[in-house]
Each structure stands twice: as C-alpha cells, then as structure tokens.
Amino acid sequence: MNKLTLTAHDRTEVAPLLSDIAARYTTIEDPDLQRQAPLLARRLPARLLEFLEDHRLREPAALCLVSGFEVDEAEIGPTPEHWRGSHVASPTLRYEVFFLLCASVLGDVFGWSTQQDGRIMHDVLPIKGHEHYELGSNSLQHLSWHTEDAFHPCRGDYVALMCLKNPDAVETTVCDAGDLDWPGLDVDALFEPAFTQMPDNSHLPVNSTSTGDPTIQRLREDSFRTIEEWNANPVKRPVLFGDRANPYMVLDPYHMKTEGWTERSLTAYTGLCDEIESKMKGVALEPGDVAFIDNFRAVHGRNSFQARYDGSDRWLKRLNITRNLRGSRAWRPAADDRVIY
C-alpha cells in the first residue's frame, strides 16, 4: 500500500478551498465543476499533489491511500436508505469536493448511464432487498473480487472510494498484481486471447432511463446492441496484458464463461485465480480515508456484513477515473461529456 496521512496543517490549508468550492456549486454533478476540477486541484497542499502524481507515474502499489481527512458525523447525517436523490442538497458536498479534487490529479472522472442514473459520484451503501445481489449495495454475501467493468473497453484506470462511515470495520479486499508469483504461473497462456468475459448485470437496458435526446438515444441503442452481440457471440480476450514480467490484469470470474476453453487456458486461469485468492488482503477503510485502487494492477471485492438500515451503516462515495478519456469518445455524446452510454 502507498499511503499518505494528512497533517493538521494540510487540513487547515485545504479547508478554505473546499468551503469556497462548496459555496459556488450545489452538486458534484455540475459539469462546470467537473471541468474545473483539474485546475482547482492545483490548489491542494503541495505534498498531497506530489504524492498523488508520484503514485500515478511510478505505480509503486495497486492501492493508494490518503488518510487523515476528518469526517464530522453530525454534519453528514445518517446513511441514506438508497442512492437516489442523495446528491441533491448533499450534506457531504465538502467531502465530495475533496474526493473529486484528489481524483482529478490521477485522471478524468467519468460515469456510466446505466449506473446510478448516470451520476459521476456514486454512493456505496447497503440497500434493503439487495442483500444477496452481486452488487456493491449487497451486504449478506461477499462481493466477489473482480476488475471493475472488466468486460468493457472503456473501463477505468482507477476505482476510487472515500469512506464516510464504517462502524463495523467492513473490509475492502484487494489483491495487488505485484504480490503474485508470476514465474509460477503460465503467463504466456494468460496473454493469449482465449478467455470469455461476459457483460455484468449493472449495464443492462433496464438500468438506463430515457432522456429524449436523439444523440443520447442513438448512443444508448448502439451500446445495448453491442452488449447484446457480446452476450450472443462472446469475444475471447486475454486476462493479462502489458509487461509480461509485471503484467496488468483484467478478469471478473463471476461473469466469465469457461465453455470452449482449451485445457491449457483453463489450467492457467485456475492457477491465476488460486494465486489471487491466496494473496487477497483486507483493508478496513476509516472515515475520511480516500482509496485509489489501480484497476489495471488489482482486483478488489468486499467482505459481507450485517446491515442495520438505521442510518449508521457503512457509507462510501465512489468515483471511476480514466487516464484516457478520449478512448471512450465513441460512447459519449460530446468530447467534454463524461457519461458513457
């Protein structure tokens, strides 16, 4: 883990910046704030900027943690029952601004039209009735480890989490590719385009609402057609890429089909999964912690827990970050639009 702890001086330095931005904008979903964020981020404390920039360039670990940002539980109020509407007059706006600025040092934030109504900033919290779903809003079952949006060519470089509450010390589980025994695995087989990664359930048409905009409607229809084609005729892809001595990973076992794989491919894949299982580590985020999980170098999940639904449950904010916003241009209605359809 690559970690920096904010000092009292850091917090004092950043406070006026956050107050100023929170007074000028009413929501993180404001496109102008999202455009201005990389410029505003330059006003963060120098040691924080240096830390994040060093992490971005050198990739010293798959998990980057900024701790020490204080959370006032009385200010943020109870954990919402659902993510819908939580961005309107949000009591956590000041915290979201800090999170957004830190994220903007690493890349461009973006959202999916099929996730949380196309919002950029997501809420991660238990939702009654979702206890056993394979979604971040579940609670009673483990959230299986995975690469975020593994099936999609526009998947992010980082999955970012900011903890507001975690009274039960629920662990986020992470495996760093740098911890794996690559010489003991069949890396050559894992670099071959022999593996079937299926679309996950969060990107189904039912999760997307119509806006009436013809450009967006066209993109949505094209996107769902593409996903339907991937489901009907799955494309085989590698699960490793990049440097063979220190590879990147992309896999989501819960949404992979092994039918038609060669014996070597299946053995190599099973060996990789077993090695990942043996090297998973748990991190219980504390209020104020901001974690950046490298979506190329890590897989992540979450342990199960018993939700109370009384306003005290675990509550995180989540951002997706890309270092190549142009790579998704065919999926977005405009060059400066950050929502992928």
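Our structure is the block above this text.
Residues numbered from 1 in each chain as written. Predicted model: local features only at pLDDT ≥ 70, side-chain atom pairs only at ≥ 80, totals over all residues. Heavy atoms only, no water.

**Examining the environment of C163**
Defined as follows: Each helix corresponds to a stretch of at least 4 residues labelled H or I by DSSP, and each strand to a stretch of at least 2 residues labelled E; elements are numbered beginning at the N terminus. Partly exposed describes any residue whose relative accessible area lies between the buried limit of under 20% and the exposed limit of over 50%, with all areas from a 1.4 Å probe on protein chains only and scaled to the type maximum. Two residues qualify as a contact provided that any one of their heavy atoms is within 4.5 Å of a heavy atom in the partner residue.
Among the structural elements, C163 can be located in strand 6 (residues 158–165). For C163, a relative accessible area of 0% gives the class buried. Not counting residues within four places of it along the chain, the set of residues in contact with C163 comprises V71, L285, E286, P287, G288, D289, W315 and L316.

**Regarding the pairing of strand 7 (residues 172–176)**
For clarity, the threshold we go by: Note on pairing: DSSP must find at least two bridges between two strands before they are called paired.
Burial analysis of strand 7 places 5 of its 5 residues in the buried class, which makes it a mostly covered element. Burial of the side chains of strand 7 extends over both faces: T172, V174 and D176 are buried on one face and T173 and C175 on the other. Pairing geometry for strand 7 and strand 15 (residues 298–302), over 5 bridges, is antiparallel. Across the sheet, the residue bridging to V174 is H300, located in strand 15.

**Here we look at unusual backbone geometry**
Backbone geometry at A89 places phi at a positive 50°, although glycine is not the residue there. Inspection of the secondary structure puts A89 in the loop between helix 4 (73–76) and helix 5 (93–106). A positive phi angle is found at A169, which is not glycine, with a value near 50°. Mapped onto the secondary structure, A169 falls in the loop between strand 6 and strand 7.

**Re the packing of aromatic side chains**
Keep this limit in mind: The aromatic pairing rule takes the rings of Phe, Tyr and Trp, using the six-membered ring of Trp, and pairs them if the centres are within 6.5 Å, calling planes under 30 degrees apart stacked, those over 60 edge-to-face and the rest tilted. By definition here, charges over rings are those cases where NZ of Lys or CZ of Arg is within 6 Å of the ring centre and within 35 degrees of the ring normal.
Enumeration over the complete set of coordinates arrives at 11 aromatic pairs. Plain terms: the ring middles of F69 and F98 are 4.2 Å apart, the flat faces sit at 5° to each other, and that makes the pair stacked. Note that F69 is positioned in the loop between strand 2 (63–67) and helix 4 and F98 in helix 5, a separation of 29 residues in sequence. The exposure class of F69 is buried, given its relative accessible area of 5%. Its relative accessible area of 1% is what places F98 among the buried residues. Here the aromatic rings of F195 and Y269 are separated by 6.3 Å at their centres, their planes lie at 35°, and the arrangement is tilted. One end of the pair, F195, is in strand 8 (residues 195–197); the other, Y269, is in helix 8 (residues 263–279), and 74 residues separate them in sequence. Under the relative-accessibility criterion, F195 is labelled buried at 1%. On the accessibility criterion, Y269 (7% relative accessible area) is buried. Members of the aromatic cluster, each reached through a chain of ring pairs, are F69, Y95 and F98. The aromatic ring of Y95 is capped on one face by R94, whose charged end is 4.7 Å from the ring centroid.

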